[in-house]
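What follows is the residue order along each chain.
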Amino acid sequence: MDAGTAPQGEQSSETRRLLAGMGLMLACCLSFAAMGACFRAAMQDGLPVPLVPFARGLFTTLVMLPWLLRAGPSALHTRRPGAHLFRCAAGLVGFMVHMLAILWLPLADAVAIMHARPLWALPLAFLLLGEKVGWDRAIAAAIGFTGVLVIAGGQSGFQGEVSAGTLAALLGGLTGALVLIAVKTLSSTEPPARVVAWYALASVIVWGPVSAFVWQTPTAFAAMMLVAGSVLAILGDFCASWAARRAPVGLLAPIEYVQIPASAVIAMLAFAERPGWELVWGTLIMVAATLYLARSAGRPA
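Once a new chain begins, its residue numbering starts again from 1 and follows that chain's sequence as written. This being a predicted model, a pLDDT of at least 70 is required before a residue's local features are given, and a value of 80 or more before pairs of side-chain atoms are given or counted; all residues contribute to the totals for chains, interfaces and linings. Remark: hydrogens and water are excluded; side-chain values derive from all non-hydrogen atoms of the structure.

The subject of this paragraph is the state of the cysteines. Criterion for a disulfide: a pair of cysteine sulfur atoms at a distance within 2.5 Å. Applying the stated criterion across every chain, the model contains 0 disulfides. Free cysteine: Cys-29, not disulfide-bonded; nearest cysteine sulfur from Cys-28 at 5.2 Å. Unpaired in this structure, Cys-239 has its nearest cysteine sulfur neighbour in Cys-28, at a distance of 6.3 Å.

In structure tokens, the structure reads:
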């Protein structure tokens, strides 16, 4: 065998692995864009907000029930319960503020502001993981956050007022970054099914009692949107976990911005919302900053 054959074959295999991860992240983004529209339609039709994360967790648990019963207690057994609990806590808070943001803001604007999570990941990695951050990356992240301010300014008319929807979207971006870090950390040892199962069960346990307290029988349309959104959420969760096992976060993060134009198109078709220029310019700034951070991720600080 030629000496260069094996390295070339390994390189080709690695390329396919990275492309598969990118494709899975693209599928994840499209699924989540459609999911947000479905859940928003259900809430606008009178569905209490806590029922959305509860239903998402319940549907995921039901889908995974055959696997959970077949595998038994070993399905959830882990040597890293703390990491799972951290991912669950960040996800529970993040999903709730996500729902509030898409309910209170134009859909594409809410999604865009929440997609600042790759920018949040830089200071979080510095604070939580002690990673070194070069001055150029710090400046790039700061520039990226100006894109968030441009989009948020379009909502407030640049009058300095921050709406509850904007605050919810900002918190959604922060918690989304925490989830991204947690999922990537868990992916080194935990199978995607276990990561998803832990979060699904946590959603049922936490939001079940709250949903019972605010229960309101949904309309047929709201129920249909709730089911559709839950199915898309399951698909998106699995695609995200599979993608994280095949490609680095720095490569996957820029792809997530596909969800913004996808949400804008859905919002125009389903809710007659037209995106403003603030969304376009703000998103371009965020994408440029994220691309720079992704390209410089492997360089020493």
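We now examine a nonpolar patch on the surface. Distance thresholds for patches are 9 Å for like charges and 5 Å for nonpolar side chains (Val, Leu, Ile, Met, Phe, Trp, Tyr), applied to residues having over 30% relative accessible area and no salt bridge. Per-residue accessibility takes into account occlusion by the displayed protein chains alone, with areas from the Shrake-Rupley method and a 1.4 Å probe. Salt bridge, as applied in this entry: a Lys or Arg side-chain nitrogen positioned within 4 Å of an Asp or Glu carboxyl oxygen. A cluster of nonpolar side chains, namely Leu-58, Leu-62, Leu-65 and Leu-69, defines an oily patch on the protein surface of about 360 Å² accessible area. The numbering of helices and of strands both runs from the N terminus, where a helix is a DSSP run of H or I of at least 4 residues and a strand a run of E of at least 2. Examined against the element boundaries, Leu-58 turns out to sit in helix H2 (residues 51-71). Judged by its relative accessible area of 33%, Leu-58 is partly exposed. Type-normalised accessible area, obtained with a 1.4 Å probe on protein chains alone, sets the label of each residue: buried when under 20%, exposed when over 50%, and partly exposed for intermediate values.

If you walk through the whole model with that rule in mind, you get 2 salt bridges. The residue Glu-190 makes a salt bridge to Arg-194 at a minimum N-O spacing of 3.2 Å. On the basis of relative accessible area, Glu-190 is assigned to the buried category, the value being 5%. When its relative accessible area of 15% is taken as the criterion, Arg-194 is described as buried.

This part takes up the packing of H2 against helix H9 (residues 220-244). Between the N-to-C directions of two axes lies an angle of 0 to 180 degrees, each axis being a line fitted to C-alpha atoms and, for a helix, fitted only over the stretch in contact. One can describe the packing of H2 onto H9 by two numbers: an axis separation of 9 Å at closest approach and a directional angle of 65°. Relative to H9, H2 is oriented so that their crossing is right-handed. In this structure, H2 contributes Leu-51, Val-52, Ala-55, Arg-56, Phe-59, Thr-60, Val-63 and Met-64 to the contact, and H9 contributes Leu-226, Val-227, Ser-230, Ala-233, Ile-234, Asp-237 and Phe-238. Of the residues belonging to the contact of H2 with H9, the class tally is 11 nonpolar, 2 polar and 2 charged. Handedness of a crossing follows from how the near helix is turned relative to the far one, being left-handed for an anticlockwise turn of less than a right angle and right-handed for a clockwise one. Note on definitions: a residue-residue contact is assigned when non-hydrogen atoms from the two residues lie within 4.5 Å. Asp, Glu, Lys and Arg are counted as charged, while Ala, Val, Leu, Ile, Met, Phe, Trp, Tyr, Cys and Pro are counted as nonpolar; the rest, among them Gly, fall into the polar class.

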